[in-house]
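Here are the chains, one letter per residue:
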Amino acid sequence: MTAEYRQYLYPPGDPRIEELKGLDAYGYREAARKDAFTGDLIRGWEPLYFQPFRGVTSDGNLIQDLYQLTLARPGEEAPVEAMTAAATNLLDQLSGQAREQLCYPVDGPHWQTWANPEFMQHDTGLRLEYQDEQTRALVLDIVQASLSESGYDLARTLMRINGFLGDMVGLPALMNDYSYNFALYGHPSHTQPWGWQLFGHHLALNCFIAGTQMVITPVFFGAEPNTIDEDPFNGTTVFEGRIEPARQLMQNLAPDLRDKAQTYAHLVDPAMPAGRVHPGDERHLAGAFQDNRVIPYEGIRLTDMDDTSQALVQDIIEDFTGYLPAGPAAARRREISDHYQDTWFSWIGGYGDDEPFYYRIQSPVVILELDHHCGVFLNNTEPKKFHIHTLMRTPNGNDYGHELLRQASTASDTTTTASGGNKEMATQT
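Note that the structure is predicted; figures quoted are calculated from it, not measured.

**Student:** Would you mind going over the overall build of the chain in detail, with residue names and values included?
**Tutor:** Within the chain, the regular secondary structure consists of twelve helices and twelve strands. On C-alpha atoms alone, the chain measures out to a radius of gyration of 21 Å, which is about the 22 Å that the 2.2 N^0.38 rule sets for 429 residues. Judged by the C-alpha coordinates and their principal axes, the chain covers about 65 × 55 × 40 Å. Burial analysis of the chain (429 residues in total) assigns 56% to the buried set. Of the contacts formed within the chain by residues at least 6 apart in sequence, a portion of 72% connects residues at least 24 apart. With the model as given, the accessible surface of the chain reaches about 17600 Å², and the carbon-plus-sulfur share is 49%.

Have a look at this one:
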């Protein structure tokens, strides 16, 4: 059966596609600055580039003492040995020039250069499509060592969907399986803080390690389309585990709670204030370059829901956190559960079986968003279920593991001053 999205392919010869043919990532980078639509997006984001990091908050005030630099609890440890070995293998293989291009200080501002559009804004690290097969394989070894099996499969699937879209619309030089940037921060270590970053069209992962603790946010997982309908990956579909439970949740809520949760009845609603729908991000708020955004709580508290609805929220959280390896996933779910009393759920749009929608789950320690979008390389002008953006953040200062790094740096400074020497960071307090 022909997938629904195929009726929204641009017709042959349409200038939307034809004007981009022949461009590579760097040519498109320059062309995007001059295009009316993408140029406006870039100009809107540029004032946010390299702003000193503070963190997403609900009211402009950071909540203190949410995150502690300690040894991970038993059973919650990150797979540090495998990650460090994989990253060391990559560094050993690279030339000096490539290593210099790949590597940044662990506290470098380039963490904040990730973005999810198909056009490059910052050429951070190594562009994978221009690397040899061995280098790409070694990079993917790091990603695989850092994620769960299902998380790595999702990341690779989104990369393949990107390549599938590029082939389908005739722009494989702009959208392919490897049109992503990869960077290392700090030096791979069992004790010192370090991390890595992978980002490009519809995929961004920011992974930070401090001892046995791991933070992988901000995370962006998205797809246009969300299904592959050709071999060899025919039938591949993403995000069902965070879409259907959410729809069931809205349908299950008592009418008065549902009315409170539904902040706007339509995805593009005339009741929305100016700017609520962003031309690129549409309804989601915690995307690229929004590291310091104030995002107020909306909707209803989870504790006002009945047991069935709360169980559906847990299903959504399980799916969103499933990219993490077992130990950090357990730690993250516990952290979210500890703030259950202060967790809010909000919804925009309809909740019928065939309707697109937006929702957000938000607490002092997590923001989860899912949004259905209009077409970018498909020509649907209304949001459709086959173009999806999903995001996760760690608000109040711990995206990129920033708060853990601050504590590690403070501890290191104190140790150096006391001892008169340079001592490796102790990963416990």
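What follows picks up the thread again.
**Student:** Please set out the packing of helix α4 (residues 80–93) against helix α6 (residues 133–146) residue by residue, giving values where relevant.
**Tutor:** Between α4 and α6, the shortest axis-to-axis distance is 8 Å and the interhelical angle comes to 165 degrees. Classified by the angle their axes make, α4 and α6 are roughly antiparallel. In this structure, the crossing between α4 and α6 has a hand that is left-handed. Contacts between α4 and α6 involve Ala 82, Met 83, Ala 86, Ala 87, Asn 89, Leu 90 and Gln 93 from the former and Gln 134, Thr 135, Leu 138, Val 139, Asp 141, Ile 142, Ala 145 and Ser 146 from the latter.

**Student:** Describe the nonpolar core, and please don't skip the residues or the numbers.
**Tutor:** In this structure, Phe 182, Trp 196, Leu 205, Phe 345 and Tyr 359 are the most contacted members of the largest nonpolar core, which totals 120 residues. When residues of this core are assigned to their parent elements, the largest contribution, ten residues, is made by helix α7 (residues 149–169). Look past the residues within four positions of Phe 345 in its chain and what remains in contact with it is Leu 249, Met 250, Leu 253, Ala 261, Glu 298, Gly 299, Ile 300, Leu 302, Met 305, Tyr 359, Arg 360 and Ile 361. By size, the runner-up hydrophobic cluster in this structure holds ten residues, among which are Tyr 264, Leu 267, Ile 348 and Tyr 358.

**Student:** Help me get a handle on the pattern of salt bridges, residues and values and all.
**Tutor:** For the coordinates displayed, the defined rule picks out 20 salt bridges. The salt bridge partner of Lys 21 is Glu 18, with a shortest N-O separation of 3.1 Å. Using a relative accessible area of 35% as the deciding quantity, one classes Glu 18 as partly exposed. Of the charged contacts, one joins Arg 333 and Glu 318 as a salt bridge, the two residues approaching to 3.5 Å between their closest N and O atoms. In this pair, Arg 333 is assigned in helix α11 (residues 326–337) and Glu 318 in helix α10 (residues 307–320), connecting sequence segments 15 residues apart.

**Student:** Tell me what's going on with empty space enclosed by the protein, and back it up with residues and numbers.
**Tutor:** As enumerated under the stated definition, the model contains three cavities of 30 Å³ or more in all. Empty space within the largest cavity amounts to approximately 80 Å³. Surrounding the largest cavity, 14 residues form its lining, Pro 117, Phe 119, Met 120, Arg 127 and Phe 199 being those nearest its centre. Grouping the constituent residues of the lining of the largest cavity by class yields five nonpolar, seven polar and two charged.

**Student:** I'd like a rundown of the environment of His 202, residues and numbers included.
**Tutor:** Counting through the fold element by element, His 202 comes out in the loop between β4 (194–200) and β5 (203–210). His 202 sits 21 residues away from Ala 223 along the chain, and the two C-alpha atoms are 5.8 Å apart. When sequence neighbours within four positions are dropped, the list of residues in contact with His 202 reads Asn 116, Leu 158, Phe 220, Phe 221, Gly 222, Ala 223, Glu 224, His 387 and His 389. Polar contacts involving the side chain of His 202 include one to the side chain of His 387, which spans 3.2 Å.

Scoring rules and cut-offs
- Along each chain, residues carry numbers from 1 onward, in the same order as the chain's sequence is written.
- Since the coordinates come from a predicted model, pLDDT governs what is reported: local features require at least 70, and pairs of side-chain atoms require 80 or more to be given and counted, while whole-chain, interface and lining totals use all residues.
- To obtain the side-chain values, all non-hydrogen atoms of the structure were used and water was disregarded.
- Labels follow the DSSP assignment, with helices taken as runs of H or I lasting at least four residues and strands as runs of E lasting at least two, numbered in each case from the N terminus.
- All radius of gyration figures rest on C-alpha atoms, and the globule criterion is 2.2 Å times the number of residues raised to 0.38.
- For the exposure calls, accessible area comes from a 1.4 Å probe over protein chains only, and a residue counts as buried if that area is under 20% of its type's maximum, exposed if over 50%, partly exposed in between.
- Should any heavy atoms of two residues lie within 4.5 Å, those residues are counted as being in contact.
- Per-residue and other accessible areas were derived by the Shrake-Rupley procedure at a 1.4 Å probe size, with only the shown protein chains allowed to occlude residues.
- Structural elements are reduced to axes, namely lines fitted to C-alpha atoms, with helices fitted over the stretch in contact, and the angle between N-to-C directions of any two is expressed from 0 to 180 degrees.
- Angles below 35 degrees are treated as roughly parallel, those above 145 as roughly antiparallel, those between 65 and 115 as roughly perpendicular, and all remaining angles as oblique.
- Helix crossings are classified by the rotation of the near helix relative to the far one: an anticlockwise turn of less than a right angle makes the crossing left-handed, while a clockwise turn makes it right-handed.
- In these notes, a set of buried Ala, Val, Leu, Ile, Met, Phe, Trp, Tyr and Cys residues joined through side-chain atoms within 4.5 Å is what counts as a nonpolar core.
- Here a salt bridge means any side-chain nitrogen of Lys or Arg lying within 4 Å of a carboxyl oxygen belonging to Asp or Glu.
- With a 1 Å grid laid over protein atoms only, a set of points is called a cavity when a 1.4 Å probe fits there but cannot get out and a pocket when it is open yet has protein on both sides within 12 Å along at least five of seven lines; lining residues have an atom within 4 Å of a point.
- Grid points are joined across faces, edges and corners, and a volume is the space filled by probe spheres set on the points.
- In this classification, the charged set is Asp, Glu, Lys and Arg, the nonpolar set is Ala, Val, Leu, Ile, Met, Phe, Trp, Tyr, Cys and Pro, and all remaining amino acids, among them Gly, are polar.
- In protein, a polar contact means a hydrogen-donor-capable atom and an acceptor-capable atom, both N or O and within 3.5 Å, with residues adjacent in sequence counting only if both atoms are side-chain atoms; elsewhere, any N or O pair within 3.5 Å suffices.

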